[in-house]
Amino acid sequence: MFRPILSLLVSVIVSLPGAAQHWVGSAGINYGSYSMKGLKDLQNTILQSEIPLEIVESFPSRIGFEASVLRTFGNISVGLTASKASTGGRVSYADYSGSLNHDIIVNNTLAAIQLEYILSKKESWELLFTMRNGVAFNTMKYNTTLSLGNETDDLGAKFKSTNFAVSAGVGARFFFGSVFIQPEFRYETHVAKGDLHNSNDPDVALEVNNEKVQVGWDGLRLSLSLGYRL
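The present account deals with the structure reproduced in this document. In this text the structure is predicted, and so the values were computed from the model without any measurement. (Residues numbered from 1 in each chain as written. Predicted model: local features only at pLDDT ≥ 70, side-chain atom pairs only at ≥ 80, totals over all residues. Heavy atoms only, no water.)

**Points about the side chain of N108**
This is how the line gets drawn: The numbering of helices and of strands both runs from the N terminus, where a helix is a DSSP run of H or I of at least 4 residues and a strand a run of E of at least 2. The term polar contact refers here to a pair of N or O atoms within 3.5 Å; inside protein, the definition further demands a hydrogen-donor-capable atom paired with an acceptor-capable atom, and it admits residues adjacent in sequence only when both atoms are side-chain atoms. Any two residues whose heavy atoms approach within 4.5 Å are treated as being in contact.
For N108, the location among the structural elements is in strand β5 (residues 98-121). Separated by 3.3 Å, the side chains of N108 and N138 make a polar contact. Setting aside anything within four residues of it in sequence, one finds N108 in contact with S83, K84, A85, A136, F137, N138, H190 and W217.

**Description of the pattern of salt bridges**
Condition: Salt bridges are counted wherever a side-chain nitrogen of Lys or Arg sits within 4 Å of a carboxyl oxygen of Asp or Glu. The classification of residues rests on relative accessible area computed with a 1.4 Å probe and restricted to protein chains. Under 20% of the type maximum is buried, over 50% is exposed, and intermediate values are partly exposed.
One pass over the structure, following the stated rule, counts 13 salt bridges. Among the ionic pairs, R173 bridges to E116, the shortest N-O distance being 2.4 Å. Linking R173 in strand β7 (residues 151-176) with E116 in strand β5, this pair joins segments that are 57 residues apart in sequence. The exposure class assigned to R173 is buried, which follows from its relative accessible area of 3%. With its nearest N and O atoms 3.8 Å apart, the salt bridge here joins E126 to R229. Here the residue E126 occupies a position in strand β6 (residues 125-148), and R229 occupies one in strand β12 (residues 219-229), the gap between them amounting to 103 residues. On the accessibility criterion, R229 (24% relative accessible area) is partly exposed. One salt-bridge network, in which partners are shared between bridges, spans E116, K121, E126, R173 and R229.

Right, here's the structure in full:
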């Protein structure tokens, strides 16, 4: 689907030999909201117990990291970007005799092609349309910890999956010489989500109510990066 788009973009770039060209690199932080429907369903299933468990954390927004390297050709920039995100959930019960915790920790590493187009440009700033298309590698840890008195038992399992993600939005660069600050506002959707499979036994998939579970990173993204234009 995206190969024809990339081929067209390359042909446009080749046809602009006189356009100003720069290398642009940046690194910064991001903050996102995550849908996580499948994992929230898993938490609700854990609640179905004789023990009066409660959900004390359900995949909140957390700070992640990202970095990119782009080549600019006039108003168009093409390059690579990578980002990391993480979140988690806990279902818990505690009383005078001990505690029981069910923890789900999810991590995501996204590697993508980044495309930018300058919508408006002045000497000290640029307004951008930005898009990222790439592959998200997910890992999930499920840990159960039971504490009774001075004794503690831990059980755990690891799962992994792969998603295909598209993220689009607007951003800006504010220049101070060759250095710039770049805020962005995007929406990220994972258009194809892989099933979570046990890391030690890939034939075993995580299921809730006879439905396989995927990791849903869909949501808003805010980012702030510091960069340099060469």
